[in-house]
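One-letter residues, chain by chain:
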Amino acid sequence: MAAQRVAEDVARGTKQTARVRVAVRLRPYMHMQDQKGEGACVRRLDTKTLEIINWRNATETLQYQFDVFHGEETTQQEVFLSSVKPILPHLLKGQNASVFAYGPTGAGKTHTMLGSQEQPGVIPRAVRGVFNLVKAKEREHEGWDYSIGMSYLEIYNEKVLDLLSPSAQDLPIRENKDRNIFIPGLTHTPLSSFSNFHSHFIPASLNRTTASTKLNQRSSRSHAILLIKVVRTQRNPPHRQQTGKLYLVDLAGSEDNRRTGNEGIRLKESGAINLSLFTLSKVVDSLNAGGGGRVPYRDSKLTRLLQDSLGGSSHSVMITNIAPEYTYYFETFTALNFAAKSKQIVNKPFVRETVTVPSVQVKRSREEQEAGRSGEP
Ligand code: ADP
Ligand code: MG
């Protein structure tokens, strides 16, 4: 089937574009996020499917299916092994890859990508993984020399900022004759080891966090993009050289910024966030629909930068982070509609695993009726 499809694509002269794999990760329930004590409104059904209560009609649940569903008990190690580790070997063959964390603020994007010292996330595991793969290749003596380097940037208000050299603002994005995307003037730092990576990455991340407290949670309003580049060069003539790029992206919060009553600079930010996330969703949809139609990469800085590492011959995975509490219901709903492969309405009451006190449930069902009347979502 796949071979036939490629043959057809070649015959039609259309370039084959790779699907973006979509994983969804549900973070554990947090009491702090649930002041009304309502329990969870989302739960896992199996390794690909979840169900969420239908707010409009509590006798129904909505079931969504993805490439992978990671329930709340999933460890950082499991997320890495299933969604990220398999794509790393491609970097050593000159192919590109990208991993995104998408979802509303508070749903676990930074936990997934960065994690903590005790529970390291995708970024430290992937960088360590790349170093290990390169070491193993070098032991095989195949005649290639490898070098690893990093860049670290932020897209904020449709501007590219260099996090390794904070004075560089609003850098341009260009495309060379080989259709590779690059940013002239962006700092590229060669890396000798994982601990060397750590020593550059941590201070740069702190740069970002400091700015965020001054500028009111800027970290949830910008896209943080780590680029790991693997270059391999043939030791003997003709000294061929291949470059593989890995983008590791902690996206801006996907909450509906129009609903938060933003004004002034906040409103400008909201416009930029909505534009880039909306464009990203159009790009992913267009890649996953196949058919070789125009993919609207140029409509935002984020997708333009990722053009050579998202679709085409590259390997991409989107990890959509969601939270189980009712506070997040509408944001979760939006995120799921972006991520889902399929959606089904099932006529049965939501099975509650966290049982709450009856008085609270009665109160909620009245609120549900009111919300139902107002026509949301
Ligand atoms: P985001 O970056 O999407 O705004 P965070 O990653 O900051 O969200 O997560 C919000 C809070 O939830 C943090 O305190 C984080 O440590 C915690 N958290 C998120 N995901 C998990 C998880 N899978 N397991 C444990 N704690 C988590
Ligand atoms: Mg975050």
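Quantities reported herein were computed from a predicted structural model and do not represent experimental measurements.

Undergrad: Could you give an account of the overall build of the protein, naming the residues involved and the relevant values?
TA: Across its full length, the protein carries 10 helices and 15 strands. Relative to all contacts within the protein whose residues are 6 or more apart in sequence, the contacts with residues 24 or more apart total 71%. As displayed, the protein has an accessible area near 18,300 Å², and 52% of this comes from carbon and sulfur atoms.

Undergrad: Tell me about the site of ligand 1, and name the residues and values.
TA: In the vicinity of ligand 1, the contacting residues are R25, R27, P28, M30, P104, T105, G106, A107, G108, K109, T110 and H111. Between an oxygen atom of ligand 1 and a side-chain N or O atom of T110, the distance comes to 2.8 Å. Alone, ligand 1 offers 560 Å² of accessible surface; in the complex the protein occludes 68% of this. In terms of residues, the shell around ligand 1 owes the most to one element, helix 4 (residues 109-113), which gives three residues. Partitioned by chemical class, the residues of the shell around ligand 1 number four nonpolar, five polar and three charged.

Undergrad: Tell me about the nonpolar core, and please be specific about residues and values.
TA: Residues L50, L305 and L310 are the most contacted members of the largest nonpolar core, which totals 52 residues. L305 has contacts with L153, I155, I173, I181, I183, I225 and Y247, leaving out every residue within four places of it along the chain.

Undergrad: Tell me about the pairing of strand 1 (residues 20-26), residues and numbers included.
TA: With six of its seven residues buried, strand 1 lies for the most part within the structure. Sheet topology note: the strand 1/strand 14 (residues 315-322) ladder contains seven bridges and is parallel. Following the sheet pairing, R25 is matched in strand 14 by N321. Both strand 1 and strand 5 (residues 68-70) contribute to a ladder of three bridges, which runs parallel. Counterpart to R25 in the pairing with strand 5 is H70.

Undergrad: Provide a residue-level description of the pattern of salt bridges, including the pertinent values.
TA: In the structure shown here, the tally under the stated rule is 13 salt bridges. Across the pair D178 and K177 runs a salt bridge, and its minimum N-O distance is 3.9 Å. For K245, the salt bridge identified is with D308, shortest N-O distance 2.7 Å. One end of the pair, K245, is in strand 13 (residues 241-250); the other, D308, is in the loop between helix 8 (301-305) and strand 14, with 63 residues separating them in the sequence. We note that K245, like D308, is buried.

Undergrad: Could you give me a rundown of the packing of helix 2 (residues 76-84) against helix 5 (residues 122-139), with the residues and numbers involved?
TA: Between helix 2 and helix 5, whose axes approach to 10 Å, the crossing angle comes to 55°. Judged on the interaxial angle alone, helix 5 and helix 2 are oblique. Along this stretch, helix 2 crosses helix 5, giving a crossing that reads as right-handed. Of the residues in helix 5, those touching helix 2 at Q76, Q77, V79, F80 and V84 are V122, R125 and A126.

Undergrad: Please give an account of the packing of aromatic side chains that cites residues and values.
TA: Applying the stated rule across the entire model yields 11 aromatic pairs. Measuring from ring centre to ring centre gives 5.7 Å for W55 and F330, while their planes differ by 55°; the resulting arrangement is tilted. Here W55 is found in the loop between strand 3 (49-53) and strand 4 (61-65), whereas its partner F330 is found in helix 9 (residues 329-339), with 275 residues between them in sequence. With a relative accessible area of 12%, W55 lands in the buried category.

Undergrad: I'd love a proper account of unusual backbone geometry, names of residues and values included.
TA: The peptide bond linking P237 to P238 adopts the cis configuration, its omega dihedral lying at 5°. As for its placement among the helices and strands, P238 is situated in the loop between strand 12 (223-234) and strand 13. A positive phi angle is found at N157, which is not glycine, with a value near 55°. Looking at the secondary structure, you find N157 in the loop between strand 7 (144-156) and strand 8 (159-162). Overall, the relative accessible area of 14% leaves N157 in the buried class. Unlike most non-glycine residues, H239 shows phi in positive territory, near 55°. Within the secondary structure, H239 is located in the loop between strand 12 and strand 13.

Undergrad: Can you lay out the side chain of S98 for me, pointing to particular residues and giving the numbers?
TA: Here S98 is to be found in strand 6 (residues 97-102). A polar atom in the side chain of S98 sits 2.7 Å from the backbone oxygen of S309. The residues touching S98, leaving out its near neighbours within four places in the chain, are I87, L246, Y247, L306, S309, L310, H315, S316 and V317.

Undergrad: I'd like a rundown of helix 2, residues and numbers included.
TA: A turn of α-helix holds 3.6 residues, and therefore any two residues three or four places apart point the same way. Listing the buried residues of helix 2 in full gives Q76, V79, F80, S83 and V84. The arc that holds the buried residues of helix 2, viewed along the axis, is 100°, so those residues lie on one side.

Undergrad: How would you summarise the environment of Q95 if you had to cite specific residues and measurements?
TA: Counting through the fold element by element, Q95 comes out in the loop between helix 3 (88-91) and strand 6. On the basis of relative accessibility, which here comes to 25%, the residue Q95 falls in the partly exposed class. Sequence spacing of Q95 and S195 is 100 residues, and the spatial spacing of their C-alpha atoms is 25 Å. What Q95 contacts, discounting residues up to four positions off in sequence, is H90, T243, G244, K245, S313 and H315.

Undergrad: Quick rundown of the environment of V230? Include the residues and the values.
TA: Its location among the elements puts V230 in strand 12. For the pair V230 and G94, spaced 136 residues apart in the sequence, the C-alpha separation amounts to 7.7 Å. Not counting residues within four places of it along the chain, the set of residues in contact with V230 comprises L91, L92, V130, V134, Y146, S147, Q242, T243 and G244.

Quick notes on the rules
- Residues numbered from 1 in each chain as written.
- Chains lettered and ligands numbered in written order.
- Predicted model: local features only at pLDDT ≥ 70, side-chain atom pairs only at ≥ 80, totals over all residues.
- Heavy atoms only, no water.
- Helix = DSSP H or I, 4+ residues; strand = E, 2+ residues; numbered from the N terminus.
- Contact = heavy atoms within 4.5 Å.
- Areas by Shrake-Rupley, 256 points an atom, 1.4 Å probe, with all protein chains shown as cover.
- Near = heavy atom within 4 Å.
- Polar contact = N/O pair within 3.5 Å; in protein donor to acceptor, adjacent residues only side chain to side chain.
- Nonpolar A, V, L, I, M, F, W, Y, C, P; charged D, E, K, R; others polar.
- Core = buried A, V, L, I, M, F, W, Y, C linked by side-chain atoms within 4.5 Å.
- Buried < 20%, exposed > 50% of the residue type's maximum accessible area, 1.4 Å probe, protein only.
- Pairing = 2+ DSSP bridges.
- Salt bridge = Lys/Arg side-chain N within 4 Å of Asp/Glu carboxyl O.
- Axes fitted to C-alpha atoms, helices over the stretch in contact; angles between N-to-C directions.
- Parallel < 35°, antiparallel > 145°, perpendicular 65-115°, else oblique.
- Left-handed = near helix turned anticlockwise from the far one by under 90°.
- Phe/Tyr/Trp six-rings, centres within 6.5 Å; stacked < 30°, edge-to-face > 60°.
- Arc of directions from axis to C-beta.

Keep in mind that these numbers describe shape and distance, not what the molecule does.
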